[in-house]
Amino acid sequence: LSYGQTDFRHGSVITHGNDTVRGFVDFRQGTASYRSCDFRQAEDAQSTTYYPDDIIGYGFLNDKYFQSRKIDSNDSKPVFMEVVVKGGAASLYRHEHTYFVEKDHQGLHALRDESEITYVNGRLVSRKSNEFIGISNMLFFDCIEIRKDIQRLQLSERKLTDLVEAYNKCRNEPSTTFKASKPWLKTSVTIAAGVNAPA
């Protein structure tokens, strides 16, 4: 594998003046996409590297969108977070290997399922915490229709996307799923108009 390889695709960056500048963005795999983005306005133009402090966000045509924001109010610097679902009632984000949910624009809640050691019948046993189910119960308890779904929830992008979409529908709020054209989402996600997102 060559570390010098690039894959520029149609996309855009959003400036701090809220202007959408269309061009080509380097499509990266792994954690690099959460740290910076390389952008060029024409295929043969010189690329510019943007960091989370430099722009509001960046995205790809009919694909991923990343927003610059602080994960926690105590953080000194923002990071790029992938916006999986943007909704009027709830949104789903991803930063590296962790998913986050935000309800009513009141801050991010990490969805984790870490292993914990506990005693069972006098023996040490490792088991998953299922913390993400408790967080989801707390955030979405006001929607009766999805309470049973939360108890069967899995910590996967598809299942979390379904849940957040269902909650926005329950609240009669619009939502946009950015990777809705992907095969694993086509049959399970409905896009509702009304959210201003970059092309």
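Just so it is clear, the structure is predicted and the values come from calculations on it, not from any experiment.

*Asks:* What's the story with helix α3 (residues 157-170) in this structure? I'm lost.
*Replies:* Within an α-helix, residues lying three or four positions from one another point in the same direction, as the helix has 3.6 residues per turn. Over its 14 residues, α3 extends 20 Å from the first C-alpha to the last, a length consistent with the 20 Å expected when each residue adds 1.5 Å. Of the positions making up α3, those classed as buried are Glu157, Leu160, Thr161, Leu163, Val164, Glu165, Tyr167 and Asn168. Taken from the residues just after α3, Asn172 is the one with a positive phi, measuring 55 degrees.

*Asks:* What exactly am I supposed to notice about the environment of His109 here?
*Replies:* By the element assignment, His109 lies in strand β10 (residues 108-111). By relative accessible area, His109 is classed as partly exposed at 26%. Taking the C-alpha atoms as reference points, His109 and Ile135, 26 residues apart in sequence, are found 7.5 Å from one another. Apart from the residues within four sequence positions on either side, His109 is in contact with Tyr99, Phe100, Val101, Ile135, Met138 and Leu139.

*Asks:* Which parts of the structure should I look at to understand the packing of aromatic side chains?
*Replies:* The final tally for this structure, using the stated rule, is eight aromatic pairs. Arranged with centres 6.1 Å apart and planes meeting at 80 degrees, the rings of Tyr58 and Phe60 form a pair that is edge-to-face. Phe60 matches Tyr58 in its accessibility class, with the two residues each being buried. Ring geometry for Tyr58 against Phe66: centres 4.9 Å apart, planes inclined by 10 degrees, an arrangement best described as stacked. Here the aromatic residues Phe27, Tyr34, Tyr58, Phe60, Phe66 and Phe80 are joined through ring pairs into a cluster of three or more. We note Arg147 situated over the ring of Phe141; from NZ or CZ to the ring centre the distance is 3.7 Å.

*Asks:* Would you mind showing me how to read the pattern of salt bridges here?
*Replies:* A side chain with one charge may pair with a side chain of the opposite charge, provided their charged atoms come close. If you walk through the whole model with that rule in mind, you get eleven salt bridges. Among the salt bridges present, the one from Lys179 reaches Glu157, with a minimum N-O distance of 2.7 Å. Of this pair, Lys179 sits in the loop between β13 (175-177) and α4 (183-186) while Glu157 sits in helix α3, and the two are 22 residues apart along the sequence. Looking at Glu157, the relative accessible area reads 10%, which means it is buried. Among the charged side chains, a network of salt bridges with common partners joins Glu82, Arg94, Glu157 and Lys179.

*Asks:* What exactly am I supposed to notice about the pairing of strand β3 (residues 37-40) here?
*Replies:* The side chains of a regular strand alternate, first on one face of the sheet and then on the other. Here β3 shows two buried faces, one formed by Cys37 and Phe39 and the other by Asp38 and Arg40. In this structure, strand β2 (residues 20-26) lies alongside β3, joined through two bridges in antiparallel fashion. Looking at β3, one finds that Val25 is bridged to Phe39. Summarising the sheet, β3 and strand β4 (residues 48-50) pair through three bridges and their orientation is antiparallel. Within the sheet, the bridge partner assigned to Cys37 lies in β4 and is Tyr50.

Cut-offs and rules
- Counting restarts for each chain, with residues numbered from 1 along the sequence as it is written.
- Two thresholds apply to this predicted model, a pLDDT of at least 70 for residue-level local features and 80 or more for giving and counting side-chain atom pairs, whereas whole-chain, interface and lining totals are computed over all residues.
- Computation of side-chain values: all heavy atoms of the structure, hydrogens and water removed.
- Here a strand is any run of E in DSSP of at least two residues, a helix any run of H or I of at least four, and the numbering for each starts at the N terminus.
- A helix is expected to span 1.5 Å multiplied by its residue count minus one.
- Think of it in three bands: residues with accessible area under 20% of the maximum for their type are buried, residues over 50% are exposed, and the middle band is partly exposed, with areas taken using a 1.4 Å probe on protein chains only.
- Residue contacts are defined here by distance: any two heavy atoms, one from each residue, within 4.5 Å place the two residues in contact.
- When two rings of Phe, Tyr or Trp (its six-membered ring) have centres within 6.5 Å they constitute a pair, described as stacked for plane angles under 30 degrees, edge-to-face for angles over 60, and tilted for the intermediate range.
- Charge over a ring is defined by NZ of Lys or CZ of Arg lying within 6 Å of the ring centre and within 35 degrees of the ring normal.
- For this analysis, a salt bridge means a side-chain nitrogen from Lys or Arg found within 4 Å of a carboxyl oxygen belonging to Asp or Glu.
- At least two DSSP bridges between two strands are needed for those strands to be called paired.

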